[in-house]
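Breakdown of the fold
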Amino acid sequence: MADLASKIKGTVLTAKDGDAYTAAIRRHSDLSILPARLVVQPAAYEDIPAVLAYATSQTPPLEIAVKGGGVHSSTWASSDRGVVIDLSKLNRVTLAEDKQSIAVQGGALWGDVYEVTAKAHVDVVGSPLWFVGVGGFTLGGGYGPLSGEHGLAIDNLFSATVVLADGRIVKASKDEEPDLFWAIRGGGGQFGIVVEFVFKTHPYAGPYGSGIIAYPGTEFENVLRIIQEWKATHTPAERFTLNFSRPAPHFKPSIALLPTVFHDTDGARSKTVLAPFREGPIKPAFEKIATATEFLTLSHAADASLASAPRRLAIRGTFFSDFYPELLAAVWAKWVAFTDSSEDVRGCGVLWDLTSPARLVEVGVDETALKVREPHYWMAVQGRSTTDASVAAARAFAAEIVQLVREKNAELSGRDLGWFVNMSQGDEKPEDVFGDHLPRLRRIKAKYDPKKVWSKGFVIEPLFE
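These notes cover the structure that comes with them. Given the structure is predicted, the values throughout are model-derived calculations rather than measurements.

Digging into the packing of helix H13 (residues 325-341) against helix H14 (residues 391-413)
Running from N to C, H13 and H14 point in directions that differ by 165°, and their axes come no closer than 9 Å. Taken as axis vectors, H13 and H14 run roughly antiparallel relative to one another. Remark: the crossing between H13 and H14 carries right-handed chirality. For the pair H13 and H14, the contacting residues are Glu 326, Leu 327, Ala 330, Val 331, Lys 334, Trp 335 and Phe 338 in the first and Ala 393, Ala 394, Phe 397, Glu 400, Ile 401, Leu 404, Val 405, Lys 408, Asn 409 and Leu 412 in the second. The class makeup of the residues in the contact of H13 with H14 is twelve nonpolar, one polar and four charged.

Thoughts on the pairing of strand E4 (residues 83-86)
Here E4 shows a buried face lined by Val 83 and Ile 85 and a second buried face lined by Val 84 and Asp 86. Looking at chain direction, strand E2 (residues 38-41) and E4 are connected through three bridges and run parallel. The residue of E4 that forms the bridge with Val 40 is Ile 85. Of the pairings in the sheet, the one linking strand E3 (residues 64-67) to E4 comprises four bridges and is parallel in character. Following the sheet pairing, Ala 65 is matched in E4 by Val 84.

Topic: unusual backbone geometry
At the junction of Thr 59 and Pro 60, the peptide bond is cis and its omega measures out at -5° in the coordinates. Its location among the elements puts Pro 60 in the loop between helix H3 (47-57) and E3. Ala 248 connects to Pro 249 through a cis peptide bond whose omega is 5°. By the element assignment, Pro 249 lies in the loop between strand E13 (238-245) and strand E14 (254-261). Positive phi, close to 75°, is recorded for Arg 81, a residue that is not glycine.

Topic: H14
Between its terminal C-alpha atoms H14 stretches 33 Å, which fits the 33 Å expected from 23 residues at 1.5 Å a residue. Listing the buried residues of H14 in full gives Val 391, Ala 394, Phe 397, Ala 398, Ile 401, Val 402, Leu 404, Val 405, Arg 406 and Asn 409. Looking at the buried positions of H14, the neighbouring elements they touch are strand E16 (312-320), H13, strand E17 (349-354), strand E18 (377-385) and helix H15 (430-434). Of the residues one or two after H14, Gly 414 is the one with positive phi, at around 80°.

Examining the packing of aromatic side chains
All told, the structure shown has 28 aromatic pairs when counted by the stated rule. Geometrically, the ring pair formed by Trp 110 and Phe 137 is edge-to-face, given 5.5 Å between the ring centres and 75° between the ring planes. Residue Trp 110 is found in helix H4 (residues 110-120), and its partner Phe 137 is found in helix H5 (residues 134-139); the two are separated by 27 residues along the sequence. In this structure, Trp 110 and Phe 137 share a single accessibility class: buried. Taking the centre distance of 4.3 Å and the plane angle of 5° together, the rings of Phe 338 and Phe 397 count as stacked. Here Phe 338 is found in helix H13, whereas its partner Phe 397 is found in helix H14, with 59 residues between them in sequence. Assigned by exposure class, Phe 338 and Phe 397 land together as buried. Counting every residue linked through ring pairs, the aromatic cluster contains Trp 110, Tyr 114, Phe 137, Phe 197, Phe 199, Tyr 204, Tyr 208, Phe 262 and Phe 295. Here the guanidinium or amino end of Arg 346 rests over the ring plane of Phe 251, the centre of that ring lying 3.5 Å away. Lying across the ring of Trp 419, Arg 406 places its NZ or CZ 4.9 Å from the centre.

A look at empty space enclosed by the protein
One pass over the structure, following the stated rule, counts three cavities of 30 Å³ or more. Quantified by volume, the largest cavity comes out at close to 70 Å³. Forming the walls of the largest cavity are Tyr 143, Gly 144, Ser 147, Asp 353, Thr 355, Ser 356, Leu 360, His 376, Tyr 377 and Trp 378. Considering only residue class, the lining of the largest cavity consists of four nonpolar, five polar and one charged. In this structure, the second largest cavity spans a volume of roughly 60 Å³. Around the second largest cavity sit Gly 186, Phe 319, Ala 369, Leu 370, Lys 371, Val 372, Trp 419, Phe 420, Val 421, Val 433 and Phe 434, which together line it. Here the residues of the lining of the second largest cavity sort into nine nonpolar, one polar and one charged.

Brief notes about the sheet that holds strand E10 (residues 193-200)
Strands sit in the order E5-E6-E10-E8-E9 across an open sheet of five strands; the sheet is antiparallel. Pairing within the sheet leaves two strands with one partner each, and these edge strands are strand E5 (93-95) and strand E9 (169-172). Strand-to-strand, the axes of this sheet are offset by a mean angle of 15°, without reference to chain direction. In terms of strand pairing, strand E8 (residues 157-163) meets E10 through six bridges, oriented antiparallel. Looking at the pairing, Leu 157 lines up with Phe 199 of E10. Together, E5, strand E6 (101-105) and E10 form the strand contacts of H4, whose direction differs from that of E5 by roughly 25°.

Reading the values: the criteria
Residues numbered from 1 in each chain as written. Predicted model: local features only at pLDDT ≥ 70, side-chain atom pairs only at ≥ 80, totals over all residues. Heavy atoms only, no water. Axes fitted to C-alpha atoms, helices over the stretch in contact; angles between N-to-C directions. Helix = DSSP H or I, 4+ residues; strand = E, 2+ residues; numbered from the N terminus. Parallel < 35°, antiparallel > 145°, perpendicular 65-115°, else oblique. Left-handed = near helix turned anticlockwise from the far one by under 90°. Contact = heavy atoms within 4.5 Å. Nonpolar A, V, L, I, M, F, W, Y, C, P; charged D, E, K, R; others polar. Buried < 20%, exposed > 50% of the residue type's maximum accessible area, 1.4 Å probe, protein only. Pairing = 2+ DSSP bridges. Expected span 1.5 Å × (residues − 1). Phe/Tyr/Trp six-rings, centres within 6.5 Å; stacked < 30°, edge-to-face > 60°. Lys NZ or Arg CZ within 6 Å of the ring centre and 35° of its normal. 1 Å grid on protein atoms, 1.4 Å probe; cavity = no way out; pocket = protein on both sides within 12 Å on 5 of 7 lines; lining within 4 Å. Points joined across faces, edges and corners; volume = space filled by probe spheres on them.

The structure is reproduced here in structure tokens:
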């Protein structure tokens, strides 16, 4: 270890480093924490090849995990007695002089990006939450609030700088290492460590109307009817997240809409666009809509609620074709029953993202590794538990609900959309995650990582021909 520390500019941490080590292995979910033998925080791209050489030269070789934001609720960014490459020091964000692109290092969080874009009055397709890592979010596709107007994050990626398993540092784009560039746009983190992304920027989309519109669970069917009517006229310039939750102090089933309305000068668009939910046949139990001038502010909107949420968290999610009332009703019934069963799991929630798919379908299904390019949305189940004893039940609930969504959606739409890699846990079938792209991804894995140095995440087996 001392030899490794002498070869890099960054920091090497072990359990002997106390609080610094504890902070370095901390994750968004307490279920994602593992006791790494070493946590290495590179300060330069050139540090990473030395770490790879150290880990792979041990007998037996040490497992290597890569941590960007550390938000995924699996243990993909952690390692039990292996090496964690923690990219947190590589978080620089640089806007091009012409403001047409932005270079983001692989350890940056979306909050780091939004601080720069807010000052420059431009926007970029990114996560709705500031603490999400740019890397994992993007490699899985990158579904963001601005995707309705500008497509996915991978559709706005000009190039990437990648550290390969053999220690080489290469640039990937449509013209350089095109196979690698194809694979990292939707294929996950199986092909190298992306230490820099260069994204396309877009004109300022604000002001942004946002907030909450909440109804008691007794209005569930009425809310679904309004959603169906609203969908018929909504545009890419407005979207919402629909949440099933039990808010304090009464913890009764509740339906909450968390809208985002772009180009909302003086709140005028919010008033018009959200009128069916605020002034229609049913009235919200609670509502608060305000206008923000920068996306950075929006990305912190959930801070208060997340601060008090149980930290034993297992998330699963999947794609669905439309907001079918039968689909949502089936999930609602199971969610109400499960969260009624014990106080320990009433923090479990279900969220459904309604962002227009109009732009994501403009990209051909074979242009990137993302397997789904027909109109679709995504949903997630947050399996939260307050005790160790209830963790297994929360995990099982999350797995049951996403399986229900997949099967019910296939029944209603005639299309099996499989699983969403960023919401998977690793026990899914690879063909269900990557679809018809799996054989090509396996061949690219064999080319860039034949020895499976990248063995964390949704592992792709190399295919040698």
